[in-house]
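Listed below, chain by chain, are the residues.
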Amino acid sequence: MRREILFVSALALTMIWPAFTPAQSLSSALVPDSRASQIDLKKLTKKANSGDTAAQFKLGYAYHFGMGVDKNVYQAIQWYRKAANYGNPAAQTNLGYIYETGPEAVKDLQEAVKWYIRAAVSGSPEGALNLGLAYLYGTGVNQSIDDARQWIGRAADADCPLGLATLAYLYAVGKGVPQDSQQAQKLALKAAKKNNPEAQTILGILYAQDSSALSDQGEAVKWFRKAAEGGSVTGQYLLGFMYENGKGVKKDAEVAVRQYRLAAENGLKQAQATLGQIYELGEIVEPDYEEAERWYRQAIQQGDTRCATRLGAMFIQGKGGGRDLQEAVKLWSWAADRGDAYAQFNLAGMYKAGVGVDRDLVKAYSLFTSAGKTLDASKQLSELSSKMSPDDLAKLQ
């Protein structure tokens, strides 16, 4: 059954959580979909130059998003910094955001944390959340779950939707706080009612778990659907999972694949990996090896070693075309170097037999040894040791 990449049954729903990303402060006068005609650039610049911090923030925001002006990250930084230096918490938050997520030429994680601290102390819920996330992930600061909980909690206390959702996640998994599904549900529901897709996804996960007192597959589908419609890639993926497996909804392969594809196109690695297997094995659609390779490669670009292992096997088997041993070796070597036991095992077999590579029993033995930390390679190691010369055995010491 296809489950080498897709997580098993309900475990899938307990392990794939939304990705929490930094929040930005939005101007009441400028939002991302505002029309350029709504911005009087000349008037705004004049007010900003006179020292008006609100105008400075709005001008930084305009350059940040290209509203009425061409996008220019350096101009955005300049105007945000003017307002930030005068204590504007929204500017401090967005300045930190640019330093954390901006192009490599301006990225500076320590500088981002500096501005998040100032924003949080100034009372910005988004700044407090971003500081909490920095501590949660160890981004630009030493990781500290206690500090993460403190600052994320402050954002949640201010009713910041993403802060509520993030704190709900901490309670759901018991990270820095006692695990408490009821408290997680309470917080997530509060944020979900504010149309926060991450919170809606968390609610879906809480309801989807068979072992939970909250278990209600129909409610899970309802919240995954809302999250998916709100743009949550995790919600899209998990809604696909529910349709594929008939959990809380009638099985529908077409809807499942459509939701997986949405999540995959939006960059979710798990969805890309899942689509690769769906098209390779043809369990709910007709096999399509070209599509399988396309999705596997996208997942590989995001570091998915298991997809590299499966794609290598496709090249060995000649699925979709002729065999390509060199490409298989390349993929398995990449995955093996990153610790994938299946790739190590497969590559060891090639070195043992001299297929696609020069025969190298020492290399094979080393790879089988690495794979043996996860898989049973005792038979292969025993066979090799009986065939190796004393010199080869000495090389392993």
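Residues numbered from 1 in each chain as written. Predicted model: local features only at pLDDT ≥ 70, side-chain atom pairs only at ≥ 80, totals over all residues. Heavy atoms only, no water.

### What to know about the packing of helix α7 (residues 125-137) against helix α8 (residues 145-157)
The contact between α7 and α8 brings their axes to 7 Å, and the two run at 160°. With respect to their mutual orientation, α7 and α8 come out roughly antiparallel. Relative to α8, the crossing made by α7 is left-handed. Residue-level contacts link P125, A128, L129, L131, G132, L133, Y135 and L136 of α7 to I145, D147, A148, W151, I152, R154 and A155 of α8. (Axes fitted to C-alpha atoms, helices over the stretch in contact; angles between N-to-C directions. Helix = DSSP H or I, 4+ residues; strand = E, 2+ residues; numbered from the N terminus. Parallel < 35°, antiparallel > 145°, perpendicular 65-115°, else oblique. Left-handed = near helix turned anticlockwise from the far one by under 90°. Contact = heavy atoms within 4.5 Å.)

### Observations concerning the confidence of the model for the protein chain
Confidence along the protein chain averages 91 in pLDDT terms, with 93% of residues attaining 70 or more. Taken together, the stretch residues 1-14 has pLDDT below 50 and engages in 46 contacts with residues farther than four places along the chain or on a different chain. Across residues 32-37, confidence stays below pLDDT 50; counting only partners more than four residues off in sequence or on other chains, it has six contacts. (pLDDT = per-residue confidence, 0-100.)

### Structural notes on the packing of aromatic side chains
Taken as a whole, this structure holds seven aromatic pairs when the rule is applied. Considering the side-chain rings of F57 and Y80, the 5.6 Å spacing of their centres and the 35° angle between planes classify their relative orientation as tilted. Residue F57 is found in helix α3 (residues 53-65), and its partner Y80 is found in helix α4 (residues 73-85); the two are separated by 23 residues along the sequence. Y80 carries the same exposure label as F57, and that label is buried. If you follow K82 out to its NZ or CZ, it ends over the ring of W79, 5.7 Å from the centre. Of note, K226 hangs over the ring of W223, and the distance from its end group to the ring centre comes to 5.9 Å. (Phe/Tyr/Trp six-rings, centres within 6.5 Å; stacked < 30°, edge-to-face > 60°. Buried < 20%, exposed > 50% of the residue type's maximum accessible area, 1.4 Å probe, protein only. Lys NZ or Arg CZ within 6 Å of the ring centre and 35° of its normal.)

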